[in-house]
Structures are given as C-alpha cells and as structure tokens.
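Fold and contact review
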Amino acid sequence: MKVHYYPGCTLKEKAVNLEETTVKAMKILGVDLKEPEGWTCCGAEFPLSEEKISGLAAPARILRQVESEGGDKVTTTCAFCYNVLKRTNYALLNDPLKHKRINAFLKDDIKIDHETKDKSTGFDPYHGDVSVVHLLEFLRDEVGFSKIKAKIKRDLSGLKVAAYYGCRLLRPYSEVLMDKPDDPSIFEEFVESLGAQVVDFPFRQECCGSYISVSEPDVAAEASYRILRSAILGGADIMVLSCPLCYYNLDRRQGLIKDKFLEFSGFPVLYFTQLLAWALGEKISTLGFNDHYFNPRTVLEKVVKSEVAQ
Amino acid sequence: MRVQIKMEDKEKSFIQKVAERSAQNIYACYQCGRCSAGCPFAFEMDILPNQIIRLVQLGQEEEVSGSKAVYLCASCFTCHSRCPKGIDIARIAEAIREITEPKGQDHFGPDDVPLKWAKDLPQQAYVAVFKKFSK
C-alpha cells in the first residue's frame, strides 16, 4: 500500500520521535510513505484574514505537487499541517475568489518555457481535490483497525490511555472535523485497537496553549496543566497526542508547570505513533523517549510487563 | 465592565474594516456569552471575547486597540464552535490585530523570544506566533 505523506517542517527536526515512529510503524503495517517532492513548510496557521491570501500559496503548492505526482490523497500526523491543508482545500472548493487568487500564485510558479516565453502552456488549475487525511483516519479506513489489532505484539490491556485531540484536528467543525464534534471517538478506537484501555477525561478537546506558550508562557502553562490534571483525575497512566506543539506544551514545558502548580509531579505524554510502534513490536529504546521531559519508559514498563515482543 | 460610550467616538469605518477582513457579520452577535464561557484564555483577558464583539459593534476602536485580549487568542476555535449564530470570533480577533497594530511594529517579534526557550521551540510555534503577532 502506498500513500503520499506530508511530514511538515517540525517533524524533521524537533519532532523526530514522531516522524521516525510513524515511518517504522507504517513499514510494519505494509504502508509505503512517499513525501511529495520539494515540499515546504505549510505555513503552520491557516490565514484568517481576507487580506492574507498569499499564506494559502504554500499549502496549495504542496497539494498541487501531490496531485501532479498522481496522488489523490495525502496523509499527515501533525495537527497543524492537517488543519492548514484541509482548510486550504475547503477554501479552494468553496470560495471562488480564493480559488482564482491561489491559482494565480500557482500559475506564477510554473517554469517558463524559455523558447516561447509562454507561461500559460500546461497550467491546470488546482481545484482542491486531493483529500487530506490524518494518519488516524488512514489507519481506520485504509489499513483497518482490525489489521492493526492482528499485528499487536504486546499485551497493553493493563494500560490506561488518555487520548488527547486538542483543537486543530477537529475545529472549525465545518471545515476540518476529523470526527464528530460532540463525541469524537476515532482516537479512542485507535487506542483500543492496540489492546489498551481508554479513559474519559473532559479536557480532551481543549487547547493546550498552542503558540501562546511562546508569548505568554505562564498563561499557556495553566491551559496545559488543566489538561494534564484532567487526564490524571481520569485515571490515565499516559496521554497520547498528535501534534508537536501540544507535545512541547504538555511535555517539554512540564518544568514550568511544576513550578507554577506544586501538586503536579509530572506525567508521561507521547505521540500516538510511539505507542503504536511499540505495540507492534519495536524496542522501547528506539522510540525517542530520551527527548521527553518526562520519560514515559518507566510507566510503560511498569504497566506492561514484558519488554520482549511476544 | 464600565465603559463610557460616546456616539461621537463611534468609528463606522472601524466596524466596516473588521467586518470585511474577518468576513463576519458583526451585528449577528446577541451577546449570549458562550464564546467567553468556553475560551480557554478568558481567565487572563482584560476584555472578554463577547465584550470585544460588543465594543466593535459600537465602533469603539480605541477601547479595542488598547486591549490585550486579542493577543491571548490561540485560534483554537472553541468560540466559533460554541456560537449559536456561527460567528467566527477567532477571525474577528485576527482582523482586529491587523487593523489596530501600529504600522511596522511587532506585538511579539523575534527579539521577544526568551532565550531560554529559543533552542527548544518547535518550528511550527515560531511560524505561528510570528504570523499572528508580528508584521
């Protein structure tokens, strides 16, 4: 099985543990990931102002590249990228003015035939037809959760997991909506397919602070703490998520959270692909846990007894 | 919240600019407060989201430009998802930031990043914060 895969800039450097475990896990599941050639940063934030249409050029270009390589679908694990790409398609499909302007940018991109100096040959507008699917959707719909279940090598039945969605996988509901807004369940179904238990916690769709952690660290720390506390009160052993910035706010900033909220003593937070790769048999030492502020290893090894893949 | 509203201060062009840039019907808001109730950063804001909308409706540009609330918006869209009129308050916040930020000035720029975080921050955080809060 082959699919186009858009990692995004953060995965190649700061979120290497998300990228590597994704690739490893997909290999085990028999999925070949192909990055579109010459991909760039997607822009991280979907431009919300009618004046800032140029911010849509980069994501449109990425999608156009996927289309020109014969792909009808692109998958991604980064919630920011997922949000931007999906919303770009929606804008192209529903807003004729944006469609016109974005394609004007794309047209400017194509190479000029220096003989004829003719830019207009061979330009096909991009209409927003490449589907953007989050890896969780891809695992559910193309690979199948039952196929994953069949390949699980560890007994995770004693592990209680808090599946954290955050905001960018779901909202704005009319455009993104990875799952039902009132009660999303795709992440929980994924966790159950690994054989682990799911815990309910009311803060699973709340914002972790996002980029506010750069400009107002204390405010973001409070937002992140509320989510961690909710997961702990729900009885979770670990939290899984799908966004490098959420990971940064909920794990890497735990030092700041501890300083502000003295009752907090740390909590393991990991990418869903780290858990997936481990459940599929990868060694715990290869999952990039050394990058974490709170290394999940001790908790995982305590709850799931055997290191050796069964 | 005590605000003195003088009709001479009502900046019609301000309301129009915000409405155009955000592509939202500012007058659709009937002040139910659900946005403010759900906003994860409302606890730190000087003026709440629904109050910002009210001030825009009344054309009170000066009040709105002085507030730090729009710089606490993380674009999480909780407000938009809760609004019974479907108003996209995050877009209104973005429009306000664009209109009220003095020209050539960054609200939060590269020089403002605390050095202790600088090496650690994920790329997407940099791109996002500068996109939202700097020129």
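Residues numbered from 1 in each chain as written. Chains lettered and ligands numbered in written order. Predicted model: local features only at pLDDT ≥ 70, side-chain atom pairs only at ≥ 80, totals over all residues.

**What about the overall build of chain B?**
When helices and strands are counted, chain B shows eight helices and zero strands. Along chain B, helices (α) and strands (β) appear in the sequence α-α-α-α-α-α-α-α when read from the amino end. What you see for chain B is a C-alpha radius of gyration of 15 Å, in line with the 14 Å of a compact globule of 135 residues. In terms of overall dimensions, chain B has a C-alpha envelope of 50 × 30 × 30 Å along the principal axes. Excluding contacts between residues fewer than 6 apart, the proportion of contacts in chain B whose partners are at least 24 apart in sequence is 68%. (Helix = DSSP H or I, 4+ residues; strand = E, 2+ residues; numbered from the N terminus. Rg over C-alpha atoms; globule rule 2.2 N^0.38 Å. Contact = placed C-beta atoms within 7 Å.)

**Section: the interface of chain A and chain B**
At the interface, 35 residues of chain A touch 33 residues of chain B. For the side of chain A that touches chain B, the class distribution of residues is 19 nonpolar, seven polar and nine charged. (Nonpolar A, V, L, I, M, F, W, Y, C, P; charged D, E, K, R; others polar.)

**Quick notes on the nonpolar core**
All names here are of chain A. Membership of the largest hydrophobic core comes to 134 residues, with the highest contact counts inside it found for Val161, Met239, Val240 and Leu241. Here this core takes eight residues from helix α4 (residues 79-94), the largest share from any one element. For Val161, the residues in contact, after removing those within four places along its chain, are Val191, Ala196, Gln197, Val198, Val199, Ala236, Ile238 and Val240. (Core = buried A, V, L, I, M, F, W, Y, C linked by C-beta atoms within 7 Å. Buried ≥ 20, exposed ≤ 12 C-beta atoms within 10 Å, placed from the backbone.)

**Quick look at the packing of helix α3 (residues 57-68) of chain A against helix α5 (residues 96-109) of chain A**
Residue and element names in this part refer to chain A. The contact between α3 and α5 brings their axes to 10 Å, and the two run at 65 degrees. For the element pair α3 and α5, the recorded crossing hand is right-handed. The segment α3 lies against α5, with Ala57, Ala60, Arg61 and Arg64 engaging Ile102, Phe105, Leu106 and Asp109. A class-by-class count of the residues in the contact of α3 with α5 yields five nonpolar, no polar and three charged. (Axes fitted to C-alpha atoms, helices over the stretch in contact; angles between N-to-C directions. Left-handed = near helix turned anticlockwise from the far one by under 90°.)

**Some details on the confidence of the model for chain B**
Model confidence for chain B is summarised by a mean pLDDT of 91, while 97% of its residues fall at 70 or above. As scored by the predictor, the complex reaches a pTM of 0.93 and an ipTM of 0.91. (pLDDT = per-residue confidence, 0-100.)

**Examining unusual backbone geometry**
The omega angle of the peptide bond from Arg171 of chain A to Pro172 of chain A is -5 degrees, so this bond is cis rather than trans. Following the sequence through the fold, Pro172 of chain A ends up in the loop between β5 (160-163) and α8 (186-193). If you check the backbone angles, Gln31 of chain B has positive phi at about 65 degrees while not being a glycine. Here Gln31 of chain B lies in the loop between α1 (12-22) and α2 (34-38).

**Focus on the sheet that holds strand β8 (residues 269-271) of chain A**
Residue and element names in this part refer to chain A. On the basis of which strands lie adjacent, the open sheet formed by four strands has the order β6-β5-β7-β8 and parallel pairing. Edge positions in the sheet fall to β6 (197-198) and β8, since each of these pairs with one other strand and no more. Bridge count between strand β7 (residues 238-241) and β8: three bridges; the pairing is parallel. Note on β8: the bridge partner recorded for Val240 is Leu270. Here helix α11 (residues 244-252) sits on the sheet in contact with β7 and β8, set at roughly 160 degrees to β8. Lying over the sheet, helix α13 (residues 272-279) contacts β7 and β8, oriented at roughly 75 degrees with respect to β8. (Pairing = 2+ DSSP bridges.)

**Structural notes on the domain arrangement of chain A**
Residue and element names in this part refer to chain A. What the domain assignment reports for chain A is domain 1 (2-132) and domain 2 (153-303). For domain 1 versus domain 2, the distance between C-alpha centres works out to 27 Å. Contacts between domain 1 and domain 2 engage 22 residues on the former and 20 residues on the latter. Within the residue set of the side of domain 1 that touches domain 2, elements represented by two or more residues are α1 (9-13), α2 (16-28) and α4. Examining the composition of the side of domain 1 that touches domain 2, we find that nine residues originate from one element, α2, more than from any other. A breakdown of the residues in the side of domain 1 that touches domain 2 according to their chemical character gives eleven nonpolar, six polar and five charged. (Domains from an automatic or database assignment.)

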